[in-house]
Amino acid sequence: MTDEPSVPSDRDDSDGDGDDDADADELTLAQFHEASQREGRPVLTAGAVARTLERSHDEVSEQLDHLAERGDLERLSVSTDPVVWYPSELEDLTDKERVVVFPKRREIVVDRPDQFTRAQLAQFAHLEDGNGEQGYRYVVRPEDIWQAPHDSFEELARTMRQALGQRNEQLEEWVRSQWDRAHQFRLTTHEDGYTVLEAKSPEVMGNVARQKLDEEHVHAPISETEDWVREGAEAAIKRILYEAGYPVQDHRDLESGEELEIDLEVSLREYQQTWVDRFAEAGEGVFVGPPGSGKTVAAMGAMAHVGGETLVLVPSRDLARQWADTIQEYTSLGPHQIGQYHGGQKNVRPVTIATYQIAGMDRHRSLFDDREWGLVVFDECQHVPSDVYRRSTHLQSRHRLGLSASPIREDDRQKEIFTLVGPPIGTDWQALFDAGFVAEPELEIRYVPWGDDEQRNAYVSAEGREKYRIAAENRGKIDEIRYLLSAHPNSKALIFVDYLEQGRELAAALEAPFVSGETRHHERRRLFDEFRRNERDLLVISRVGDEGIDLPTADLAIVASGLGGSRRQGTQRAGRTMRPAGGALVYVLATRGTREEDFARRQLQHLGRKGMTVREQTVEPEREREDDEAADEQADAEAAERDSGDAAEGDVVDESEPETEPDR
Ligand SMILES: Nc1ncnc2c1ncn2[C@@H]1O[C@H](COP(=O)(O)OP(=O)(O)OP(=O)(O)O)[C@@H](O)[C@H]1O
């Protein structure tokens, strides 16, 4: 079934004027616009207009002539095709903002939105695509409404009307139902200090909460609409009700532990201030913004707001050092107030930065318990390892802030992040790119770790060209590609390989067709056509012998191999290697610590000089591990735990690194 767009809002009302006195049967320019929006094209044949408006072909042809005589439409005859029509003011129209709502799909397509509209849209919708040609496509998902930063539905409805330029009953009705869902339950703090789960009505308490929760979570009912929550069960309750489609509003009095005066020595940008304000209102949340958008600096704003001792959890030691430097640079805190806690040093101070690695270990549990942290910051929180997740559920009583450069994914991590850390707080990324705060990358080189030791060892003992092939075929790239595809869920993607074997392996792993020199011509054409018509969104393509092929355009291109090694390498090749499908966002994968990495670095400098925006990103092994040493440490700890059980954990001796006493 098709989703009829609602009557478009045209802020300049260009299609309304002058038609009021038209004859009832006469085709108006406004109706032509309506037809073209339903068809999704500005240029229409008479047949298309007749079909869309449910009129006869002859009648419509006559009326189109009439409109052309009035100068409202232009006709264009193409020798082999039927005559097409388009509005005379098409040129002007392209400068105007147009908003089309598809209420059933809950999609909003906006042409040339201004900053204001985009800011409004970002409050209740999620930007799916922002490619200049088709305008911007927003989707309103339940969680966008659950997390909308408004105090009442009326406020949210006002934002929607401002953004859409009109009222859309059908969409508003759906939004209201989602809003209501998200306001059925809340957690509060009783004056005696314990937590209470409150429901809006006895029905929802009985039919939802009391069905889903048991004595593990609640002690006893207090009233028809209130339950007394067991200490430590808050996160579980939030997760269970979220999964049942009823996100819980968290209105507990948050503990802030020891006070710590923190002054910011930088002024926040407007959007950073908005993030901090939204965090301050909710006491929790995740700042979601592209790399370099200032999440770390905004986190200092959140620290200053809380004014309490802070624990920062980060994925690697390098990041811990960077955080320590940044905190010193941008706040009034001095080195004696900032501690790092990881394989290298173990200092617990009013602001402590620890790695997830350490935080996940039982014997370092004191990190969480030593101080009453007022705020816990989870950096790169889409990768919070599950052991840290388990251990930090009791942090539910403190302020929590997550930072993430990846749009939060639609898998179950979303639930974990929502319940562990808080709802996403973001800004329309395109607005940040447009405003020049962040450069939209044209190309990103990602240094990927080895997928398994077998390949790593083979690389070490191989020679010459063989080394290139092994690095190129690194199986770690499969996971990386999966990750990139999931981070861009609505993009059409092409994956390029230089080795047939790798192409076949990838195609099998991703369940996508593999197009190579061996693919018959008509089959190749069929696959490319399907890709062009949006019937497919993923192809793996070998470029061996395919220099001249006419590739379909894609939103995303991933170059899985093709860096260096071959006789034809050189600058010219590199340009083509790295920019295989015009206009697409390109990721080039290079295996860490191999010749691919060197080659990529060299080309990066070259492309950078040519004015391209290039970004480098190092992928952590398995995304969560800190480094080999820390991984060994973890393995030791796990083995020790297995051998001796929890009781002996205090006796585990860390042989790889002498344990420094936490300084308190
Ligand atoms: N309000 C500000 N005033 C001046 N400079 C700022 C401000 N916010 C951020 N910056 C600068 O922008 C750069 C990126 O900021 P930051 O490190 O906070 O971004 P990020 O989003 O955390 O990036 P990443 O995801 O790469 O960690 C830094 O060099 C920082 O100094």
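Our subject is the structure listed above.
Keep in mind that what you see is a predicted model, and the values were worked out from it rather than measured. (Residues numbered from 1 in each chain as written. Predicted model: local features only at pLDDT ≥ 70, side-chain atom pairs only at ≥ 80, totals over all residues. Heavy atoms only, no water.)

(A) Summary view of the site of the ligand. Near the ligand, the surroundings consist of 14 residues, among which Q272, G292, K295, T296 and Y330 are the closest. Backbone polar atom of S293 to an oxygen atom of the ligand: 3.1 Å apart, as the coordinates give it. Here an oxygen atom of the ligand sits 2.9 Å away from a polar atom, N or O, in the main chain of G294. Against a free-state accessible area of 630 Å², the protein chains account for coverage of 65% of the ligand. (Near = heavy atom within 4 Å. Polar contact = N/O pair within 3.5 Å; in protein donor to acceptor, adjacent residues only side chain to side chain. Areas by Shrake-Rupley, 256 points an atom, 1.4 Å probe, with all protein chains shown as cover.)

(B) Inspection of a negative patch on the surface at higher detail. Together, E258, E259, E261, D263, E265 and E372 line one region of the surface with negative charge. In this fold, E259 is placed in the loop between β13 (249-250) and α11 (270-282). (Patch = residues over 30% accessible without salt bridge, like charges linked within 9 Å, V, L, I, M, F, W, Y side chains within 5 Å. Salt bridge = Lys/Arg side-chain N within 4 Å of Asp/Glu carboxyl O. Lys, Arg positive; Asp, Glu negative; His and termini not counted. Charge placed at Lys NZ, Arg CZ, Asp CG, Glu CD. Helix = DSSP H or I, 4+ residues; strand = E, 2+ residues; numbered from the N terminus.)

(C) Structural view of the side chain of S201. Along the polypeptide, S201 turns up in the loop between β10 (195-199) and α9 (202-212). Of the polar contacts made by the side chain of S201, one reaches the backbone nitrogen of V204; its length is 3.2 Å.

(D) The arrangement of the packing of helix α19 (residues 453-461) against helix α20 (residues 464-472) in detail. It is at 9 Å that the axes of α19 and α20 come closest, and there the two elements cross at 165°. Here α19 is positioned roughly antiparallel relative to α20, judged by the angle of their axes. Crossing of α19 over α20 shows left-handed handedness. On the side of α19, the interface is formed by Q455, A458, Y459 and V460, while α20 contributes K467, I470 and A471. Counted by class, the contact of α19 with α20 contains 5 nonpolar, 1 polar and 1 charged residues. (Axes fitted to C-alpha atoms, helices over the stretch in contact; angles between N-to-C directions. Parallel < 35°, antiparallel > 145°, perpendicular 65-115°, else oblique. Left-handed = near helix turned anticlockwise from the far one by under 90°. Contact = heavy atoms within 4.5 Å. Nonpolar A, V, L, I, M, F, W, Y, C, P; charged D, E, K, R; others polar.)

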